[in-house]
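Remarks on the overall topology
Below, each chain spelled out in residue letters.
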Amino acid sequence: MTTLLNPTIQLIEQNPDVKSFIYQQIAEFEGFVTPQTVVTVVARDPKKLALQYETEGRDFSADDLKKLFRIAIVLKEGDTKVEAEGVHEDIYQAIKMAKDNLMKELVAIQDSVISQQDRIIEINHYMQHPLLH
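What counts, and at which threshold
- Residues numbered from 1 in each chain as written.
- Predicted model: local features only at pLDDT ≥ 70, side-chain atom pairs only at ≥ 80, totals over all residues.
- Heavy atoms only, no water.
- Salt bridge = Lys/Arg side-chain N within 4 Å of Asp/Glu carboxyl O.
- Buried < 20%, exposed > 50% of the residue type's maximum accessible area, 1.4 Å probe, protein only.
- Helix = DSSP H or I, 4+ residues; strand = E, 2+ residues; numbered from the N terminus.
- Arc of directions from axis to C-beta.
- Contact = heavy atoms within 4.5 Å.
- Polar contact = N/O pair within 3.5 Å; in protein donor to acceptor, adjacent residues only side chain to side chain.
- Pairing = 2+ DSSP bridges.
- Axes fitted to C-alpha atoms, helices over the stretch in contact; angles between N-to-C directions.

Turning to the pattern of salt bridges, a few remarks are in order. Applying the stated criterion to the full structure yields eight salt bridges. Among the salt bridges present, the one from Glu 56 reaches Arg 58, with a minimum N-O distance of 3.0 Å. Lys 81 is the partner of Glu 83 in a salt bridge, and the nearest nitrogen-oxygen pair spans 3.5 Å. Judged by its relative accessible area of 52%, Lys 81 is exposed. Several salt bridges share partner residues, and in doing so they unite Arg 44, Arg 70, Lys 81, Glu 83 and Glu 85 into one network.

Here it is, written out as structure tokens:
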């Protein structure tokens with residue numbers, strides 16, 4: 001019944017190309033997740049962006065919002081949750097934007113956790129033991 005209310009959910013569930021693209025995108029989180037991490041892709045109602053767009057002073061109409069796909073990717077482990085969203089007229093671009101935005105968030109978190117000293121140690125290690133391709 002939910003799919004009748006949100007055609008994006010139906011598109012995600014029934015289109016194997018969209019599903020495959022989602023799996024490709026979330027595979028890029030591999031270095032940031034553990035086996036306990038739950039990854040969720042959520043189709044949100046783009047019409048609910050009206051208030052946010054109005055506050056930001058964006059020029060839009062209700063018809064403009066109806067044309068958009070609003071996709072969120074959520075990573076949750078225990079009590080910790082991080083998420084990002086992508087909004088675009090093309091579902092593939094919305095998914096990619098959500099993934100890119102979440103990657104930026106994860107890198108920022110990682111950068112704030114790793115100290116400058118740890119970075120120097122890591123750089124020195126790789127300079128002494130270069131990876132061969």
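Attention now goes to helix α3 (residues 16-26). Among the residues making up α3, those that are buried are Val 18, Phe 21, Ile 22 and Gln 25. Projected down its long axis, α3 carries its buried residues within an arc of 100°, all on one side. Exposed positions of α3 whose direction lies more than 90 degrees from the buried face are Pro 16 and Tyr 23. Contacts from the buried residues of α3 go to α2 (7-14), β1 (38-44) and α6 (91-113). One side-chain oxygen of the residue at the start of α3 lies 2.8 Å from the amide nitrogen of Asp 17, identifying that residue as Asn 15.

Once that is clear, we can look at the sheet that holds strand β3 (residues 80-88). Either a parallel or an antiparallel arrangement is found when strands of a sheet pair, and the pairing is made through backbone hydrogen bonds. Taking strand neighbours across the sheet as the criterion, the three strands line up as β1-β2-β3 in an open arrangement whose pairing is antiparallel. Strand pairing shows two members of the sheet lacking a second neighbour, β1 and β3, which therefore form its edges. Sheet twist, expressed as the average angle between the axes of neighbouring strands with direction ignored, equals 20°. Here β1 runs beside strand β2 (residues 69-77); their pairing, made up of seven bridges, is antiparallel. From the neighbouring strand, Val 38 faces β2, where its bridge partner is Lys 76. Across the sheet, α2 is in contact with β1 and β2; its angle to β2 comes to roughly 65°.

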